[in-house]
Amino acid sequence: MTGKLAIEAKGLTKSYKIGKIKQPVLKEVNFTAYHGQVTMVMGPSGSGKSTLIAALSGLMKPDEGEVIALGESLWKKKKAKIDQFRLDHCGFIFQGFNLFPALNATQQVEQVLKYCKVKKGEAKKRAVQALTEVGLDKRLKQTPSALSGGEKQRVAIARALSKNPQLLFADEPTSALDSVSGQVVIKLLHRAAKEHGAAVIVVTHDPRLEAYADRVIHMEDGQILSDTFVNRPEDVPPSAPHA
Amino acid sequence: MSLALSTLIYEWRRYMAAVIALAVAGLLVLSLVGMFMGIGKNFTATIDRSPADLMVLPPDSQGFGSSQPRRNIPTLYQHPEVVEVMPYTQRWAMWANFPSPGQSAKRDGVQVIIVDPIAGAVTLPNDFPEDVILALQEPYSVVVDATSLAKLGVKVGDKAQMNGRTVNVRATITNYPSLFNSMVFMSRQTAKLLNLYDEGPRVGSLLVKLRDPARAAIVAKELNDMGNKQFRAWTREDLARENQAEMFKESFIVIMLGFMLIVGVFIGVVITWQTLQGAILANIKEFASLRALGVSMGNLNLIIMELSFWVGVAGLLMTGILLVGVTALANAVGLTMFYPLWSIITIAIMLLTIAVISGLLSLGVLKKSQPADLLR
Ligand SMILES: Nc1ncnc2c1ncn2[C@@H]1O[C@H](COP(=O)(O)OP(=O)(O)OP(=O)(O)O)[C@@H](O)[C@H]1O
Ligand SMILES: [Mg+2]
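What counts and what doesn't
- Residues numbered from 1 in each chain as written.
- Chains lettered and ligands numbered in written order.
- Predicted model: local features only at pLDDT ≥ 70, side-chain atom pairs only at ≥ 80, totals over all residues.
- Heavy atoms only, no water.
- Salt bridge = Lys/Arg side-chain N within 4 Å of Asp/Glu carboxyl O.
- Helix = DSSP H or I, 4+ residues; strand = E, 2+ residues; numbered from the N terminus.
- Buried < 20%, exposed > 50% of the residue type's maximum accessible area, 1.4 Å probe, protein only.
- Pairing = 2+ DSSP bridges.
- Contact = heavy atoms within 4.5 Å.
- Axes fitted to C-alpha atoms, helices over the stretch in contact; angles between N-to-C directions.
- Buried area = accessible area lost by both parts, 1.4 Å probe.
- Near = heavy atom within 4 Å.
- Polar contact = N/O pair within 3.5 Å; in protein donor to acceptor, adjacent residues only side chain to side chain.
- Areas by Shrake-Rupley, 256 points an atom, 1.4 Å probe, with all protein chains shown as cover.
- Nonpolar A, V, L, I, M, F, W, Y, C, P; charged D, E, K, R; others polar.
- Phe/Tyr/Trp six-rings, centres within 6.5 Å; stacked < 30°, edge-to-face > 60°.
- Lys NZ or Arg CZ within 6 Å of the ring centre and 35° of its normal.
- Expected span 1.5 Å × (residues − 1).
- Arc of directions from axis to C-beta.
- UniProt positions renumbered as here; feature names shortened; annotations may be inferred.
- Patch = residues over 30% accessible without salt bridge, like charges linked within 9 Å, V, L, I, M, F, W, Y side chains within 5 Å.

1. Remarks on the pattern of salt bridges
And step 1. Scanning the model with the defined rule gives 19 salt bridges over all chains in all.
And step 2. The salt bridge involving A:Asp221 is made with A:Lys27; its shortest N-O contact spans 3.2 Å. Highlighted residues: A:Asp221 in the loop between β9 (215-220) and β10 (223-229) and A:Lys27 in strand β2 (residues 21-34), separated in sequence by 194 residues.
And step 3. For A:Asp83, the salt bridge goes to B:Arg291, with nearest N and O atoms at 3.0 Å. Of this pair, A:Asp83 sits in helix α2 (residues 79-89) while B:Arg291 sits in helix α11 (residues 284-292), each in a different chain.
And step 4. The class of A:Asp83 is buried, set by a relative accessible area of 11%.

This is the structure:
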């Protein structure tokens, strides 16, 4: 798997109407992401990074363009099928942690696995395993109110990783965290790519995270300005596809 | 434990308004039913606990009050299985205590119930203990319910005045409370001495004892065929049921209950709906993150419906708790509450329906859980 193309997007265009003015946010963006790689998307505020992720992951339909994710044309699917695709293949990590206040760490993970049709006993095992993987084996029974920000984000990561997603999207996963917690989080995302072969796409402002990137993409004003491989997947010839 | 139930327990304060609204709605209706049914039960306490197998009433009246000719008694004896027939006699009398120094004088109308203080007599309630029966055998002795003592201004051993003659309060009984006029039990002999009993040509209800109580329904039918519409014989169960049904034919009670029901449902739905909406909005980002991870809208709807169901169950439990309080309070003032099973089932269905309707109304706000909004 590692090194194979996971997502390929062509000609993604999206604009928002503000009053009568149509404001373009994505301008015919072409984008690729590979299994086993951490692809980092950077750029100034308002450059369209989050909008790009939303279009790639099936959360927001672009005005134009196509997304081929794991070999399937995402936006040709019906709504319910897109939900199913995300359930089967996508993990998300947001800036906020979005954990249910009533559930403890294990239950947060189990809750999602339940919808993946994982049996109860198996879900429990996988939840504990995922939480152990993010270093929270001592916090299994704690509710969010008893967890630090970094720990909460790790629960969110465990929740996203527990269903073994092939595509992992993270939007500013570290910006609410101190630098140490931030390091832990990016290391976990890195490991998801290396050990599970997921295509990890991270939007960030944080230049310190670049150390963990296999590839850095810079966006500005709805366009990709530069696309630099740190580690080039075997599939990609040195004359890398460039936006 | 499910997400819905955990959330309800963890954030119970948030849901308290809805739970209490549901409980008040349930309580409103149920305590009203309980009160009417309880009053009804009080009125028939002596009948319910009489050893009579059949009651014979005038043909057109289900309740007690109207009268029938005394000659119906020999007619009834014509049936071979009838072993005893006695009139159930209830009279009104004026009661006055002899206040001891510092005690206030009490004057009140009382219901006099005439019994025959012989074990097994058809007029003698079957829960009267031996010593009460013996006490009643003495002339001028009367027996009252323990809860009536204060209202009558006497204690056991005191003398009191009834219709201008002196009587002795010889003992008390329990389970004959009365919200309005106290019940005073006395023997037929004492009643005669107080000019409360006469052998006139008309009687009220008749209490009938049969050779074989198990055949009550059959004999009742045979007596009714025999009586040629001169009277109507009822088994105790039929009469109790008829009395309950009769009570709900009173338009006043039905209007009251209907009004309470509508007010209760309205308050319940509005408050529960608003509470659920607030609760959903408070967790909207969490729901959106589930949506992002691929959980369908249908599954989120199910979570909300389950949540509203549990809110209904909590409301029901709360109704139960408040009801125990209300019942205790009512008993303290001598008001018996009685909740027939049908009323409890009706309220349970009503509360769960309110909760589910509120849940359905709240589903709209879930549409606000747009996972794209989580990308900032
Ligand atoms: N729902 C919306 N309606 C109107 N304009 C929007 C909407 N969402 C985003 N935009 C605009 O689209 C542009 C790109 O937004 P986007 O969230 O993709 O930027 P971003 O690169 O993620 O920025 P940041 O680094 O601040 O998160 C912004 O100018 C924003 O104002
Ligand atoms: Mg953004």
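2. Quick notes on the sheet that holds strand β5 (residues 72-73) of chain A
Residue and element names in this part refer to chain A.
And step 1. An order of β2-β1-β4-β5 is seen for the four strands of this open sheet, with the pairing classed as antiparallel. The open sheet has two edge strands, β2 and β5, and neither has a second partner.
And step 2. Pairing between strand β4 (residues 64-69) and β5: two bridges, direction antiparallel. When the sheet's bridge partners are listed, alanine 69 is paired in β5 with glutamate 72.
And step 3. Along the sheet, helix α1 (residues 49-57) contacts β1 (5-18), β2 and β4; its crossing angle with β1, the most-contacted strand, is approximately 125 degrees.

3. Examining the interface of chain B and chain A
For an interface, size is often stated in terms of accessible area lost upon the parts coming together.
And step 1. In this complex, chain B contributes 25 residues to the contact, which on the side of chain A involves 28 residues.
And step 2. Buried surface at the junction of chain B and chain A, summed over both partners, amounts to about 2,300 Å²; 66% is from carbon and sulfur atoms.
And step 3. Joining chain B to chain A, the criterion identifies one salt bridge.
And step 4. Listing elements by their share of the side of chain B that touches chain A, those giving two or more residues are α1 (3-10), α11 and α12 (297-332) of chain B.
And step 5. With seven residues, α11(B) is the single largest residue contributor to the side of chain B that touches chain A.

4. Section: the side chain of B:Ser289
And step 1. Here B:Ser289 lies in helix α11.
And step 2. With a relative accessible area of 1%, B:Ser289 lands in the buried category.
And step 3. Not counting residues up to four positions away in its chain, the partners in contact with B:Ser289 are A:Phe94, A:Asn98, A:Arg159 and B:Leu374.

5. Quick word on unusual backbone geometry
Keep in mind that most residues, glycine aside, have a negative phi and that most peptide bonds are trans.
All names here are of chain B.
And step 1. In this structure, asparagine 195 takes a positive phi of about 60 degrees despite not being glycine.
And step 2. Positionally, asparagine 195 belongs in the loop between α7 (188-193) and β9 (202-203).
And step 3. Residue asparagine 195 is classed as exposed on the basis of its relative accessible area, which comes to 61%.
And step 4. The phi angle at lysine 229 is positive, at roughly 65 degrees, despite the residue not being glycine.

6. Describing the site of ligand 1
And step 1. Lining the immediate surroundings of ligand 1 are 13 residues, of which A:Ser45, A:Lys49, A:Ser50, A:Thr51 and B:Arg376 lie closest.
And step 2. Surrounding ligand 1 are residues belonging to chains A and B, so the site spans chains.
And step 3. Separating an oxygen atom of ligand 1 from a side-chain N or O atom of A:Ser45 is a distance of 2.5 Å.
And step 4. Contact with the protein chains removes 65% of the 630 Å² of surface that ligand 1 exposes when unbound.
And step 5. Ranked by residue count, the leading element in the shell around ligand 1 is α1(A), at three residues.
And step 6. Its residues placed into classes, the shell around ligand 1 shows three nonpolar, seven polar and three charged.

7. Some thoughts on the packing of aromatic side chains
And step 1. Counted by the stated rule, this structure contains nine aromatic pairs over all chains.
And step 2. Between the aromatic rings of A:Phe92 and A:Phe169, the centroid separation amounts to 5.4 Å while the plane-to-plane angle is 25 degrees, which identifies the pairing as stacked. Residue A:Phe92 is located in strand β6 (residues 90-93), and its partner A:Phe169 is located in strand β7 (residues 167-171); the two are separated by 77 residues in the primary sequence.
And step 3. Its relative accessible area of 1% is what places A:Phe169 among the buried residues.
And step 4. Between the aromatic rings of A:Phe100 and B:Phe287, the centroid separation amounts to 5.4 Å while the plane-to-plane angle is 70 degrees, which identifies the pairing as edge-to-face. Placement of A:Phe100 in the loop between β6 and α3 (105-115) and of B:Phe287 in helix α11 is noted, with the two residues assigned to different chains.
And step 5. Three or more aromatic residues link up through ring pairs in this structure, and these residues are A:Phe92, A:Phe94 and A:Phe169.
And step 6. Positioned above the aromatic ring of B:Tyr176, the side-chain terminus of B:Arg49 is 4.4 Å from the ring centre.

8. Description of helix α6 (residues 179-196) of chain A
Residues and elements named next belong to chain A.
And step 1. Its 18 residues give α6 an end-to-end C-alpha distance of 25 Å, which sits within 8% of 26 Å, the value for a rise of 1.5 Å per residue.
And step 2. Those residues of α6 not exposed but buried are Ser181, Gly182, Val185, Ile186, Leu188, Leu189, Ala192 and Ala193. Down the axis of α6, the smallest arc covering the buried residues is 150 degrees, so these residues share one side. Turned more than 90 degrees from where α6 packs its buried face, Val180 and Glu195 sit exposed.
And step 3. Tucked into the core, α6 has its buried residues touching β3 (38-42), β6, α4 (120-133), α5 (149-161), β7 and β8 (199-203).
And step 4. For α6, the side-chain oxygen to backbone nitrogen distance between the N-cap and valine 180 is 3.0 Å, and the N-cap itself is aspartate 178.

9. Focus on the pairing of β6(A)
Residues and elements named next belong to chain A.
And step 1. Side-chain alternation along β6 places Cys90 and Phe92 on one buried face and Gly91 and Ile93 on a second face that is also buried.
And step 2. Taken together, the four bridges between β6 and β7 define a ladder with parallel strand orientation. Bridge pairing links phenylalanine 92 to phenylalanine 169 in β7.

10. A short note on the side chain of A:Glu151
Residues and elements named next belong to chain A.
And step 1. Looking at the secondary structure, you find glutamate 151 in helix α5.
And step 2. Among the residues examined, glutamate 151 registers a relative accessible area of 14% and is labelled buried.
And step 3. Among the polar contacts made by the side chain of glutamate 151, one reaches the side chain of arginine 139 at a distance of 2.9 Å.
And step 4. Glutamate 151 has contacts with Leu136, Arg139 and Ala146, leaving out every residue within four places of it along the chain.

11. Observations regarding the UniProt feature "domain: ABC3 transporter permease C-terminal" (unreviewed entry) in chain B
And step 1. The sites that UniProt annotates as "domain: ABC3 transporter permease C-terminal" (unreviewed entry) are residues 259-371 of chain B.
And step 2. Regarding residues 259-371 of chain B, the helix share stands at 84% and the strand share at 0%, and the terminal C-alpha atoms are separated by 44 Å.

12. So, a nonpolar patch on the surface
All names here are of chain B.
And step 1. Together, Phe266, Ile267, Val270 and Ile271 make up an exposed nonpolar region whose accessible area comes to about 330 Å².
And step 2. Note that valine 270 resides in helix α10 (residues 251-282).
And step 3. Looking at valine 270, the relative accessible area reads 31%, which means it is partly exposed.

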